[in-house]
Amino acid sequence: MDQTGRGAGSGLRGRYGPWAVVTGASDGIGKAIALSLAAEGFSLVLAGRSRDRLDAVASAVSAAGGQVIVVPGDLARQAGLNALFEAAAPLDVGLVVLAAGFGSSGAFLDGDVDHEREMVRLNCESVMLATHHFAPRLVARGRGGIILMSSLVAFQGVPWAAHYAATKAYVQSLAEGLRRELAPRGVDVLASAPGPVSTGFATRATMTMGKAERPEVVARQTLAALGRQGTVRPGFLSKLLHGSLAPLPRWGRVLIMEKVMRGMAGRGHGENAVRG
Ligand SMILES: NC(=O)c1ccc[n+]([C@@H]2O[C@H](COP(=O)([O-])OP(=O)(O)OC[C@H]3O[C@@H](n4cnc5c(N)ncnc54)[C@H](OP(=O)(O)O)[C@@H]3O)[C@@H](O)[C@H]2O)c1
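Everything in this summary refers to the structure shown in the same document. (Residues numbered from 1 in each chain as written. Predicted model: local features only at pLDDT ≥ 70, side-chain atom pairs only at ≥ 80, totals over all residues. Heavy atoms only, no water.)

Helix and strand counts for the chain come out as 10 helices and 7 strands. Radius of gyration (C-alpha) of the chain: 18 Å, near the 19 Å computed for a compact globule of 276 residues. Each principal axis of the C-alpha distribution contributes one length, and for the chain these read about 60 × 40 × 30 Å. Within the chain, the fraction of its 276 residues that count as buried is 50%. Here the contacts in the chain between residues at least 6 apart in sequence split such that 68% fall between residues at least 24 apart. In the form shown here, the chain has an accessible surface area of approximately 12200 Å², with 55% of it arising from carbon and sulfur atoms. On the chain, the mean spot of the 30 positive side-chain charges and the mean spot of the 21 negative ones are 7 Å from each other. (Helix = DSSP H or I, 4+ residues; strand = E, 2+ residues; numbered from the N terminus. Rg over C-alpha atoms; globule rule 2.2 N^0.38 Å. Buried < 20%, exposed > 50% of the residue type's maximum accessible area, 1.4 Å probe, protein only. Contact = heavy atoms within 4.5 Å. Areas by Shrake-Rupley, 256 points an atom, 1.4 Å probe, with all protein chains shown as cover. Lys, Arg positive; Asp, Glu negative; His and termini not counted. Charge placed at Lys NZ, Arg CZ, Asp CG, Glu CD.)

This is how it looks when you write it as structure tokens:
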């Protein structure tokens, strides 16, 4: 028995429990992953900016029987990361899911550069810093898992979401490299690369999504792939889009993604960023 009073059991909790850290847990994919982990018997550290929404997720985790700690804060700031690291310090954390992130769309030159810098800080810098902080703890305990949120857009340049795609290429590359470094030390690293998912993401990124996957499907397929694959493309749409793009040379994929993103990028970001 561990400090939660429950046995390790089998499955995900047996492999990676008892505690998991989930960033971006207040909404969307991170929230769906947190709720799936709670149903698997994990205790959870939940991070995000909105205390109210984190508290609502925490209530559902408690109802599932797990312990829960809520850490509200801006993870694009060192103070926010430090609060998370401090809260997790005394806990036996075996799984780290870094889902906090956001996107932008439209003409790069029309974007607000401070907003874009904020995106690099959250999508890239905070992911690097949190991975660098938690990975040694997982290595020290001899087993663990790290899930990084990549995207369908990570595998080629994407006009009209050029900078967001670049941040996800960073995450994808980091996950692929770390997977090989950490596997011999008992730590599974997974990149999850969904296509469009119906969350709060599109509104913040000023994107319009036609078809979109449910976050619960992304959560389920992502968790099922941990320890089995290096990259998972959760949901039907990501598999379909990947299947159509994979045979093309990289420049061809850029052209296709340009057409796709023209149809999704928000208006008001430049005269070219209209729906096609
Ligand atoms: N939705 C998609 O189509 C899609 C596709 C591929 C990949 N992804 C990736 O999946 C991840 C999750 O996205 P989502 O679709 O779940 O979006 P979402 O519904 O907007 O959720 C984003 C989460 O990140 C948190 N967050 C945002 N800024 C933060 C900050 N500065 N500090 C701390 N937490 C912050 C949000 O909480 P607060 O607002 O409370 O801070 C929320 O919990 C992202 O990395 C995204 O790039 C999404």
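Each pair of packed helices gets described by two things: the angle between the helix axes and the distance between those axes. Put simply, helix α4 (residues 78–88) and helix α5 (residues 113–141) touch, their axes get as near as 11 Å, and they point 20° apart. On the basis of their axis angle, the class for α4 and α5 is roughly parallel. As α4 packs across α5, the resulting crossing turns out to be right-handed. Touching Gln 78, Leu 81, Leu 84, Phe 85 and Ala 88 of α4 are Ser 126, Leu 129, Ala 130, His 133, Phe 134 and Arg 137, all from α5. When the residues that make up the contact of α4 with α5 are grouped by side-chain class, the tally is 7 nonpolar, 3 polar and 1 charged. (Axes fitted to C-alpha atoms, helices over the stretch in contact; angles between N-to-C directions. Parallel < 35°, antiparallel > 145°, perpendicular 65-115°, else oblique. Left-handed = near helix turned anticlockwise from the far one by under 90°. Nonpolar A, V, L, I, M, F, W, Y, C, P; charged D, E, K, R; others polar.)

Taken together, 7 strands build an open sheet; the order of strands is β3-β2-β1-β4-β5-β6-β7 and the sheet is parallel. Because the sheet does not close on itself, it has two edges, and the strands there are β3 (68–72) and β7 (231–232). With 5 bridges connecting them, strand β2 (residues 43–48) and β3 associate as parallel partners. Bridged to Gly 48 within β3 is Pro 72. Along the sheet, helix α3 (residues 51–63) makes contact with β2 and β3, crossing β3 at roughly 170°. (Pairing = 2+ DSSP bridges.)

The next subject is the site of the ligand. In the region of the ligand, 31 residues are neighbours, and Ile 29, Arg 49, Asp 74, Tyr 164 and Thr 199 sit closest. Contact between the ligand and Asp 27: an oxygen atom at 3.3 Å from a main-chain N or O atom of the residue. Counting only elements with at least two residues in the shell around the ligand, the list comes to α2 (28–39), α6 (162–182) and α7 (201–204). Looking at the shell around the ligand residue by residue, the class counts come to 13 nonpolar, 12 polar and 6 charged. (Near = heavy atom within 4 Å. Polar contact = N/O pair within 3.5 Å; in protein donor to acceptor, adjacent residues only side chain to side chain.)

Now for empty space enclosed by the protein. Any empty space left between atoms is shown by rolling a water-sized probe over those atoms. Counting across every chain of the model gives 1 cavity of 30 Å³ or more. Within this model, the largest cavity holds a volume of roughly 60 Å³. Taken together, Thr 23, Leu 75, Leu 81, Leu 84, Leu 98, Ala 100, Leu 122, Ser 126, Val 127 and Ala 130 make up the lining of the largest cavity. At the level of secondary structure, the elements contributing two or more residues to the lining of the largest cavity comprise α4 and α5. When residues in the lining of the largest cavity are grouped by element, the largest group, 4 residues, is from α5. A breakdown of the residues in the lining of the largest cavity according to their chemical character gives 8 nonpolar, 2 polar and no charged. (1 Å grid on protein atoms, 1.4 Å probe; cavity = no way out; pocket = protein on both sides within 12 Å on 5 of 7 lines; lining within 4 Å. Points joined across faces, edges and corners; volume = space filled by probe spheres on them.)

On to α3. One turn of an α-helix holds 3.6 residues; hence residues three or four places apart share an orientation. The end-to-end C-alpha distance of α3, which contains 13 residues, comes to 18 Å, matching closely the 18 Å that a straight helix rising 1.5 Å per residue would cover. Summarising the contacts, the buried residues of α3 are in contact with α2, β2 and β3. Backbone geometry just downstream of α3 places Gly 65 in the positive-phi region, at approximately 105°. (Expected span 1.5 Å × (residues − 1).)

Inspection of the secondary structure puts Met 207 in the loop between α7 and α8 (215–225). Measuring from C-alpha to C-alpha, the distance between Met 207 and Met 261 comes to 8.6 Å, with 54 residues separating the pair along the chain. Those residues in contact with Met 207 that sit more than four places away from it in its chain are Ser 104, Ser 105, Ala 161, Tyr 164, Phe 201, Ala 202, Met 261, Met 264 and Gly 266.

In this structure, Leu 84, Phe 134, Ile 146 and Met 207 are the most contacted members of the largest nonpolar core, which totals 50 residues. With 8 residues, the single largest contributor to this core is α5. Residue contacts for Leu 84: discarding those within four places in its chain leaves Val 21, Thr 23, Val 45, Ala 47, Val 71, Leu 75 and Phe 134. Membership of the second largest hydrophobic core comes to 31 residues, among which are Tyr 16, Leu 46, Ala 99 and Ile 147. (Core = buried A, V, L, I, M, F, W, Y, C linked by side-chain atoms within 4.5 Å.)

Nothing here speaks to function; it is geometry throughout.
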